[in-house]
Amino acid sequence: MVSKSTSDKHPVAVIGAGSFGTAVANLLAENGRVFLYSRRPEAVEIINRDRINNGQTIHPNVTATNDMQEITDKCYLLLPSVSSDSFRQVMRDMAPFLKPYHMMIHCTKGFDIKLEPGKSILDRDVVLYPQDTYTMSKVILEETCVKRVGCMSGPNLAREIANQHPAATVIASKFDEVIKEGEAAIRSKRLQVYSNHDIYAVELAGVLKNSMALAAGALGGLGYGNNAMAFLITRGLGEIIRLATAMGAEKQAFLGLAGIGDLIATCTSPMSRNYTVGARLAKGETLEQIIATSTEVAEGIKTVSISKKLADTTGIKLPIIQNIYRALFEDLKVDLALGYLMEYRWGYDADYM
């Protein structure tokens, strides 16, 4: 039985009308009224008129809007679902309308980094340390007055949720009331919800697995089989845990739904955006061609570049990530990048435990 909460009386809002934001809005709408925010007035008009967005039929309980004042006045619970590149600016835009009683549960699996003006993460002279990377909960805390923050993460492919397939997710927060509000708002017969108080580890698990999805897509694009995929997933989990612990996270969350669960889903599904990028790369397209023809952001491209820089400064060996980085940004052929992994001297199995 789902507990009663303020979400039973007040609408909730999803910030961002991309494919995942739309899928989440439809899930929430099964339990009550939902506002779906898009900054584009033309998108709002189409959603409210045609009742379809990103190929998904919009639930009758969903109302699209581009009015931040309206959603922050009417909703206590807000779920940002925008790309990491836009996240900080969206929080700055929302900040004047937010009050300390608001709760935020973000759905974004990406990093925010602060660089000197004019610098890119790909510049050779850019040095990045763990303290230079921000998860989205840290961005919320830094840019707004909202203190009760959580995240939603797990094996949640947008298209499967849109197709109403059963799934499970994790709501993570240091605050019990955030977890309860999130569960009450989104739990349904087709979405099971688990809790975790280690929000930092859950966020890192969701972000760092993006790199492995790219590698898995490359592997799939080359036509390799399940033996190779299992090899990649398990060794990839080791790399993720080693990097995350170097960034100050505990290991436990990586062995649960938000860790290995999300890793399996995203590494084995062509529905994953990051998997798709890797597969197209393996079939001969350049990164520029892929980006130019993609309709939504694949966070893995940015995650690989950030993870590689962190490997450089921490001294941690991340052979999968480092070779995928070379395939993405240094024109190394994908088959050669994966071939290097077969020559690597691994050492002990499960050496990250």
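Computed from a predicted model, the values in this text were never measured in an experiment.

### Focus on the packing of aromatic side chains
Here the structure, examined in full by the defined rule, presents two aromatic pairs. Their ring planes at 80° and their centres at 5.5 Å tell us that tyrosine 76 and tyrosine 101 sit as a pair that is edge-to-face. With tyrosine 76 in the loop between helix H3 (68–74) and strand E6 (77–80) and tyrosine 101 in the loop between helix H4 (84–94) and strand E7 (103–106), this pair connects stretches of sequence that are 25 residues apart. Measuring from ring centre to ring centre gives 5.0 Å for tyrosine 325 and phenylalanine 329, while their planes differ by 50°; the resulting arrangement is tilted. With tyrosine 325 and phenylalanine 329 both in helix H14 (residues 319–329) and four residues apart, the pair spans about one turn of that helix. For tyrosine 325, a relative accessible area of 6% gives the class buried. The ring centre of tyrosine 325 lies 4.9 Å from the NZ or CZ of lysine 308, which sits over that ring.

### Let's talk about the pattern of salt bridges
One pass over the full model with this rule turns up 19 salt bridges. Arginine 88 serves as the salt-bridge partner of glutamate 143, at 2.5 Å between the closest nitrogen and oxygen. Residue glutamate 143 is located in helix H5 (residues 136–143), and its partner arginine 88 is located in helix H4; the two are separated by 55 residues in the primary sequence. Neither residue differs from the other here; glutamate 143 and arginine 88 are each classed as buried. Across the pair arginine 92 and glutamate 143 runs a salt bridge, and its minimum N-O distance is 3.2 Å. In this pair, arginine 92 sits in helix H4 while glutamate 143 sits in helix H5, placing the two residues 51 residues apart along the sequence. Residues joined in a network through salt bridges with shared partners are Arg88, Arg92, Asp112, Lys114, Glu142 and Glu143.

Rules behind the numbers
Residues numbered from 1 in each chain as written. Predicted model: local features only at pLDDT ≥ 70, side-chain atom pairs only at ≥ 80, totals over all residues. Heavy atoms only, no water. Phe/Tyr/Trp six-rings, centres within 6.5 Å; stacked < 30°, edge-to-face > 60°. Helix = DSSP H or I, 4+ residues; strand = E, 2+ residues; numbered from the N terminus. Buried < 20%, exposed > 50% of the residue type's maximum accessible area, 1.4 Å probe, protein only. Lys NZ or Arg CZ within 6 Å of the ring centre and 35° of its normal. Salt bridge = Lys/Arg side-chain N within 4 Å of Asp/Glu carboxyl O.

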